[in-house]
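Observations on the model geometry
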Amino acid sequence: MSAVPPVSIAALRGVRLASGDIVDIALDGDTVLAVVPAGTPLPETDGVVLDLPGYLVTAAGAEPHAHLDKSQSWDAIRPPFGDLERAIESWHAFALTLDEDDTLRRARSTALRMLASGITSVRTHVDLLRGEDALTGVRALVRLRAELAGVMDLELVALGGPTVADEVFEAALDAGVDLVGGAPHLADDPVADLERLVALARRRDVGLDLHTDESLAGADTLAAYARAVTGWHRPRTAGHCVRLSMMPAADLTALAEQVRTADIGVIALPITNLYLQGWDAEHAVPRGIAPIGRLKTAGVRVAAGADNVRDPFNPVGRCDHLETASLLVSAGHLAPEDALEAVTVGARDVMGLPFAGPVAGARAELLAIQADSLGEAVAFATADRVVIHRGRLVSRTRVATETAALSSSVPTRTAAPATAS
């Protein structure tokens, strides 16, 4: 049966799991009720049945680190290519003229592209701005969250630099922002700014999501972060962590143990850090990606995200978690299975979301993509996708391709052998 989103789904029939098994999946509201061999009778539930032969089903994507307020601003800013410092300068200049409705328009466009790719949960940072109105971006993204209710879960992080007063953070939290964020490694006194942000989050009893050690050298704030939040009950995550990619193995092992004990989730951001890091290296340019494979082996909770999309911090990006997974394979040296886990189950874990996927009892956050295997899904990342959020079809993309036919009746011409004259 055809279905137009949004509509409740009772079952998916004839789909392939990552294991290769062909199954039918029953949904009951926002929960996966049963996963059985294809053709097996399913319990009856309310909703539409989707027949999806040729589709692979995985957990839906989750984006643990976005900047929707900045997204798609590259063309308006026309920033110089360059490293983190140049990107920050370009954004701050543009942000002085930031318009709430334009911010909402760009953010909405990016979020809907994410949804079409299969991302049903997004955590986005939003800048607390310089100038007279620090909350322009905050108001825009609070509006967007209301618009997207029912089709995507959106969580907001207040991103403020060391010059942003506590009162501004407080106002953002009062306006509906969920978490405290910041980039203490950029402060003149990184540890002091880190401690200020931790104290603020503790005072408001909310979680923390910090940009951490966002350069190949420089301030070490992750260890101080771990010491400050060990034993705390609220979610805490650290994004970027690219300095860890340059650490000797013994030092990384010791730090990973501190991070594991503190239960800090580490989020790698391959596409943006591949762009931003290494501009000053004339040879042997470093990758600049947090070593989440080694961190995971050490027991640290890990995830990956796309970070910026077509703004001064990253001029490209497809709003697709499978692009992030592909980069983790080629530049981060992860197996496709581990890469996909980092942008689905792992991302949901560090975001504090319920476990999801094609497993009985899991949250019905699912992506069905036309592919014969998990590796093919990551490699080709076709846009032919069915997206389910809380048991409801919320997006479907169908791809049609017309290609010139090849005729086997046309003889292949070969060159005649040369002869001497």
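Every value quoted in this text rests on a predicted model; they were computed, and no experiment measured them.

1. A few points about the pattern of salt bridges
- Inspection of the entire model under this criterion finds 32 salt bridges.
- Residues Asp 166 and Arg 203 are paired through a salt bridge, measuring 3.6 Å at the closest nitrogen-oxygen approach. Remark: Arg 203 occurs in helix α6 (residues 190-204) and Asp 166 occurs in helix α5 (residues 166-174); sequence separation between them is 37 residues.
- Note on Asp 166: relative accessible area 23%, which makes it partly exposed.
- Among the salt bridges present, the one from Arg 243 reaches Asp 213, with a minimum N-O distance of 3.0 Å. Of the two residues, Arg 243 is situated in the loop between β11 (236-240) and α8 (249-262) and Asp 213 in the loop between β10 (208-212) and α7 (222-229); the sequence distance between them amounts to 30 residues. By the burial criterion, Arg 243 is buried, and Asp 213 matches it.
- Through salt bridges with shared partners, a single network forms among Asp 166, Glu 170, Asp 174, Asp 193, Arg 196, Arg 203 and Arg 204.

2. Topic: helix α3 (residues 100-117)
- Here α3 contains 18 residues, and its C-alpha end-to-end distance of 26 Å stays within 8% of the 26 Å for a straight helix at 1.5 Å per residue.
- Buried within α3 we find Thr 103, Leu 104, Arg 106, Ala 107, Thr 110, Ala 111, Met 114, Leu 115 and Ser 117.
- Sitting at the head of α3, Asp 99 places a side-chain oxygen 3.1 Å from the backbone nitrogen of Asp 101.
- Among the residues trailing α3, Gly 118 stands out with phi positive, at a value near 115°.

3. Concerning α6
- A rise of 1.5 Å per residue sets the reference length of α6, with its 15 residues, at 21 Å; its end C-alpha atoms lie 21 Å apart and thus fit the reference within 8%.
- Considered for burial, the residues of α6 that qualify are Pro 190, Asp 193, Leu 194, Arg 196, Leu 197, Val 198, Leu 200 and Ala 201.
- Looking at the residues trailing α6, positive phi occurs at Asp 205, about 55°.

4. Remarks on the environment of Gln 370
- If you trace the backbone, Gln 370 turns up in strand β14 (residues 366-370).
- The contacts of Gln 370, once residues within four sequence positions are left out, are Gly 54, Tyr 55, Glu 376, Thr 382 and Asp 384.

5. Regarding the pairing of β11
- Burial within β11 is extensive, with 5 of its 5 residues counted as buried.
- Crossover handedness for the path β10 to α7 to β11: right-handed.
- As defined by bridge partners, β11 adjoins strand β12 (residues 265-268) across 3 bridges and the pair is classed as parallel. For Ala 238, the partnering residue across the bridge sits in β12 and is Val 266.
- Crossover connection from β11 via α8 to parallel β12: handedness right-handed.

6. With respect to the nonpolar core
- Counting residues in hydrophobic clusters, the biggest one holds 82 residues, and the most contacted among them are Leu 68, Leu 144, Val 180, Leu 208, Tyr 225 and Ile 292.
- The dominant element in this core, judged by the number of residues it contributes, is α7, at 6 residues.
- Not counting chain neighbours up to four residues away, the residues in contact with Ile 292 comprise Val 266, Ala 268, Val 302, Ala 303, Ala 304, Leu 328, Leu 334 and Ala 342.
- In this structure, Val 15, Leu 27, Val 48 and Ala 364 belong to the second largest nonpolar core, which totals 20 residues.

7. Some words on the sheet that holds strand β13 (residues 302-304)
- The 8 strands are arranged β6-β7-β8-β9-β10-β11-β12-β13 in an open sheet whose pairing can be described as parallel. Two strands in the sheet have a free side with no partner beyond their single neighbour: β6 (61-66) and β13. Averaged over all pairs of adjacent strands, the angle between their axes in this sheet comes to 20°, without regard to strand direction.
- Alignment of strand β9 (residues 179-182) against β10, held across 3 bridges, turns out to be parallel. Bridge pairing in β10 places Gly 181 opposite Asp 209.

8. A look at the packing of α5 against α6
- Their axes nearest at 11 Å, the elements α5 and α6 cross at an angle of 40°. One element, α5, and the other, α6, form an angle in the oblique class. Remark: the crossing between α5 and α6 carries right-handed chirality. For the pair α5 and α6, contact is made by Asp 166, Phe 169, Glu 170, Leu 173 and Asp 174 and by Arg 196, Leu 197, Leu 200, Arg 203 and Arg 204, respectively.
- Taken together, the residues that form the contact of α5 with α6 break down as 4 nonpolar, no polar and 6 charged.

Calculation notes
- Along each chain, the written sequence defines residue order, and numbers are assigned to residues from 1.
- The predicted nature of this model means local features are confined to residues of pLDDT at least 70 and side-chain atom pairs, given and counted, to a pLDDT of 80 or more, with totals for whole chains, interfaces and linings taken over all residues.
- The basis for every side-chain value is the complete set of heavy atoms in the structure, and neither hydrogens nor water enter the calculation.
- Salt bridges are defined by distance alone: a side-chain nitrogen of Lys or Arg within 4 Å of a carboxyl oxygen of Asp or Glu.
- Helix numbers and strand numbers start at the N terminus; a helix is a DSSP run of H or I with at least 4 residues, a strand a run of E with at least 2.
- For every residue, the accessible area (1.4 Å probe, protein chains only) is compared with the maximum for its type, and the residue is labelled buried under 20%, exposed over 50%, or partly exposed between those bounds.
- The span you would expect from a helix comes to 1.5 Å times its residue count less one.
- For the purposes of these results, a polar contact is taken to be a pair of N or O atoms within 3.5 Å, where, inside protein, one atom must be able to donate a hydrogen and its partner to accept one; residues adjacent in sequence count only when each atom of the pair is a side-chain atom.
- Throughout, a residue-residue contact means that at least one pair of heavy atoms, one from each residue, lies within 4.5 Å.
- Orienting the strands away from the viewer, one traces the path from the first strand over the helix to the second; a clockwise path indicates a right-handed crossover.
- A pair of strands counts as paired when DSSP detects no fewer than two bridges linking them.
- The criterion is simple. A nonpolar core is a set of buried Ala, Val, Leu, Ile, Met, Phe, Trp, Tyr and Cys residues joined through side-chain atoms within 4.5 Å.
- Helix axes are fitted only over the stretch in contact, all axes being lines through C-alpha atoms; the angle between N-to-C directions runs from 0 to 180 degrees.
- Roughly parallel covers angles under 35 degrees, roughly antiparallel covers those over 145, roughly perpendicular covers 65 to 115, and oblique covers all other angles.
- Each helix crossing is assigned a hand: it is left-handed if the near helix lies turned anticlockwise from the far helix by less than a right angle, otherwise right-handed if that turn is clockwise.
- Under this grouping Gly is polar, as are all residues other than the nonpolar Ala, Val, Leu, Ile, Met, Phe, Trp, Tyr, Cys and Pro and the charged Asp, Glu, Lys and Arg.

Worth remembering: the numbers are spatial, not functional.
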